[in-house]
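Structural features, examined
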Amino acid sequence: MSAYRRGVTWDAIVVGLGVMGAATVAELARRGRRVLGVEQFPLPHARGSSQGGTRIIREAYFEHPLYVPLVQRAYAAWQALEAEIGTRLLVPTGGLTIGPPGGRLVTGALASARTHGLDHEVLTAAEVTRRHPAVQLPADAVAVAEPRAGVLLAARAIASYLDVARSHGAELRTGMVIEGWDTDAGAIRVRADGDTLTCSRLVLAAGPWMPSLVPQLAPHLSIERNVVHWFRPRDAALAGPDRLPVLVIEDAPDHLLYALPSMRALGDDLEDGVKFARHHSGVVSTADTVDRTASAADVEAIEADVRRYLPIVDPVPVQSAVCCYTNAADGHFIVDRHPADDRVLIVSACSGHGFKFASVLGAIAANMADDVNVHGDLAPFAIGRYSPPRR
């Protein structure tokens, strides 16, 4: 693959300025690349997968032990970004992965913790409530407790990456709808709003819009509608980040939940109340047709879960919001070079658990753009598991 070419307008164009695109633009700009970030909506917007004030970060990764070294690098990169910008982005709260002893979440978290020697404990339901009075578990449930889990201040993180990108000379354009792209031996051409932009590298980080940008992936991606709620605690002292850890819960094999403490005390830009939602609704849509209004049925569907696990909160939400997951068929990431042209980089899908990794995936995407060999980082996330080998 050739190096960045002279005679094109941009060394790299990054499509999509959610957290993955923002992190990639910032890292390329830090390296002195001529980089353009494009987004179809005004920033910030609530139509993709990155919106909202908070996200969970956790280390005993139930999805698979292979994520643990990557998330450890992500922790370090988030802390480096905090130091660079002088703003708090990561709030340690501890975390509980909850479910039946033989369930997918508990066994997965234990596999990651034991494989990588992570600090952890296994707590009974009664021990959880003694330590965290806001939380109530079924008597037969257990929890894997990990001290390093916490909350990422998501909106601040995206804004910070975009500020870093601008400070290093990146150009960011909003209101640009990508109509298509093509390549030849000389350049990559991106068509947007009747204009044609040329670049040496193209990074596609468009979340729910990836099926249209990479049609080869469309059969292997699903866009899932998910609804998030915030609930007012009856006892605010028990619901803040110093008392309530982040929770990931297996209520039944196909019924996963998560919760984050109330973060409003850390800033008016953060949502008020305990965040609680189902992880994976199973409701499939598209980025442009998803119903973005939370309904009475959405609220009713979560009330019993709130009463069961967080009895200290009022089960009627004070706020609800709709977001999209971009799911790969196997639930893992897709981060790789395009099978038709190595100069085009794919940074999606993140399958509903990717935000925490943006700090390291942005650097990996920049390494790919710079022709650094990242095969060891990306082998588990290769597009080849779904499509024929690249040319």
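Up top is the structure.
Small disclaimer: the values here were computed from a predicted structure and weren't measured.

1. Examining the side chain of S359
- Within the fold, S359 resides in helix 8 (residues 358-369).
- Within polar-contact distance, the side chain of S359 engages the side chain of W78 at 3.2 Å.
- Excluding residues that lie within four positions of it along the chain, S359 makes contacts with A74, A77, W78 and Y161.

2. Here's the deal with the environment of L247
- Checked against the element boundaries, L247 lands in strand 14 (residues 246-252).
- For the pair L247 and G95, spaced 152 residues apart in sequence, the C-alpha to C-alpha distance is 5.8 Å.
- In this view, L247 contacts I56, L96, I98, V135, L257, Y258, A259 and L310; residues no more than four positions away in its chain are not counted.

3. A closer look at helix 7 (residues 296-309)
- For helix 7, built from 14 residues, the straight-helix expectation of 20 Å at 1.5 Å per residue is met to within 8% by its first-to-last C-alpha distance of 21 Å.
- The largest bend along helix 7 reaches roughly 30° and is located at I302.
- Those residues of helix 7 that sit buried are D298, V299, I302, D305, V306 and Y309.
- Contact partners of the buried residues in helix 7: strand 13 (221-231), strand 14, strand 15 (255-260), strand 16 (274-279) and strand 18 (319-328).
- You can read the cap of helix 7 off the contacts: a side-chain oxygen lies 3.3 Å from the backbone nitrogen of A297, and it is on S295.

4. Brief notes about the environment of A29
- Mapped onto the fold, A29 is located in helix 1 (residues 19-30).
- Considering only alpha carbons, one finds A29 and A165, 136 residues apart in sequence, at a separation of 5.6 Å.
- Setting aside residues up to four positions removed in sequence, A29 forms contacts with V35, A165, H168 and A170.

5. A look at the pattern of salt bridges
- With the rule as written, the count across this model stands at 22 salt bridges.
- As a salt-bridge pair, R148 and E59 come within 3.2 Å of each other at their nearest N and O atoms. Of the two residues, R148 sits in the loop between strand 7 (142-146) and strand 8 (150-153) while E59 sits in the loop between strand 3 (54-57) and helix 2 (67-85), which places them 89 residues apart along the sequence.
- Of the charged contacts in the structure, one is a salt bridge between D330 and R385, with a shortest N-O distance of 2.7 Å. Residue D330 is found in the loop between strand 18 and strand 19 (335-338), and its partner R385 is found in the segment after helix 9 (375-378); the two are separated by 55 residues along the sequence.
- In this structure, a network of salt bridges that share partners links the residues E27, R30, R31, R33, E84 and D370.

6. Brief notes about the sheet that holds strand 8
- Taken in spatial order, the three strands make up an open sheet running 3-8-4, and their pairing is antiparallel. At either margin of the open sheet sits one strand with a lone partner, and together these are strand 3 and strand 4 (90-92). Averaged over all neighbouring strand pairs, the angle between strand axes comes to 30°, with direction disregarded.
- Pairing of strand 3 with strand 8 involves four bridges; the strand directions are antiparallel.

So, how was this worked out
Per chain, residues are indexed from 1 in the order of the written sequence. Under the rules for a predicted model, residues below a pLDDT of 70 receive no local features and side-chain atom pairs below 80 are neither given nor counted, while totals for whole chains, interfaces and linings still include all residues. To get the side-chain values, take all heavy atoms of the structure and skip hydrogens and water. Each helix is a run of H or I in the DSSP string that is no shorter than four residues. Each strand is a run of E no shorter than two, and both are numbered from the N terminus. Here a polar contact is taken to be a pair of N or O atoms separated by no more than 3.5 Å, where protein atoms must pair a possible hydrogen donor with a possible acceptor and residues adjacent in sequence count only if both atoms sit in side chains. Contacts were defined at the residue level, with two residues in contact if any of their heavy atoms lie within 4.5 Å. Expected helix span is taken as 1.5 Å per residue step, with the number of steps being one fewer than the number of residues. Here the bend at each residue means the angle between axes fitted to two seven-residue stretches, the one ending at that residue and the one beginning there. A simple rule labels every residue: compare its accessible area, found with a 1.4 Å probe on the protein chains alone, to the largest value its type can have, and call it buried under 20%, exposed over 50%, or partly exposed in between. The term salt bridge refers to a side-chain nitrogen of Lys or Arg lying within 4 Å of a carboxyl oxygen of Asp or Glu. The criterion for strand pairing is that DSSP finds at least two bridges linking the strands in question. In this description, a line fitted to the C-alpha atoms serves as the axis of each element, helices being fitted only across the stretch in contact, and the angle between N-to-C directions of two axes falls anywhere from 0 to 180 degrees.

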